[in-house]
Amino acid sequence: FSIVASMSPIERRVAVNGISLALFEWGREFRGRGDAILLAHATGFHARCWDRVVQRLGDRHVIAVDQRGHGRSDKVR
């Protein structure tokens, strides 16, 4: 496994159209060393469903987003 595999992601928040979305970032130290990978989950899931996939991506900058109403992002009102 790579360095990224052993790291816990950093949780961040971003406001989009008045909604707070949670995102998780792995391998921040690899920013700019190639293309970043953005992971989006399907309905009924959350961003951390990608944890095991990220382990296999190697030393990459990876971001996964909790879609609106899922995981730690704001719920639909």
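Residues numbered from 1 in each chain as written. Predicted model: local features only at pLDDT ≥ 70, side-chain atom pairs only at ≥ 80, totals over all residues. Heavy atoms only, no water.

**Q** How should I be thinking about the confidence of the model for the protein chain in this particular structure?
**A** When pLDDT drops low, the exact placement of atoms in the prediction is not to be read closely. For the protein chain, per-residue confidence averages 90 on the pLDDT scale, and residues scoring 70 or more make up 91% of the total. The element-level mean pLDDT for the protein chain is lowest in helix 1 (residues 3-6), coming to 51, with strand 4 (residues 62-65) highest at 97. (pLDDT = per-residue confidence, 0-100. Helix = DSSP H or I, 4+ residues; strand = E, 2+ residues; numbered from the N terminus.)

**Q** Is there a simple way to think about the environment of Ala 15 in this case?
**A** Looking at the secondary structure, you find Ala 15 in strand 1 (residues 10-16). Looking at Ala 15, the relative accessible area reads 66%, which means it is exposed. Between the C-alpha atom of Ala 15 and that of Arg 31, which follows or precedes it by 16 residues, the distance is 22 Å. (Buried < 20%, exposed > 50% of the residue type's maximum accessible area, 1.4 Å probe, protein only.)

**Q** Hey, could you run me through unusual backbone geometry in this one?
**A** With the exception of glycine, the majority of residues adopt a negative phi angle, and the majority of peptide bonds are in the trans configuration. The backbone of Asn 17 sits at a positive phi, close to 50°, despite the residue not being glycine. Structurally, Asn 17 is set in the loop between strand 1 and strand 2 (19-26).

**Q** Could you clarify how one ought to interpret the pattern of salt bridges in this entry?
**A** Evaluated as defined, the whole model comprises four salt bridges. Arg 12 is the partner of Glu 25 in a salt bridge, and the nearest nitrogen-oxygen pair spans 2.6 Å. One end of the pair, Glu 25, is in strand 2; the other, Arg 12, is in strand 1, with 13 residues separating them in the sequence. Of the residues examined, Glu 25 reaches a relative accessible area of 4% and is grouped as buried. The salt bridge partner of Asp 51 is Arg 48, with a shortest N-O separation of 2.8 Å. Look at Asp 51 and you get partly exposed, because its relative accessible area is 23%. One salt-bridge network, in which partners are shared between bridges, spans Glu 11, Arg 13 and Arg 72. (Salt bridge = Lys/Arg side-chain N within 4 Å of Asp/Glu carboxyl O.)

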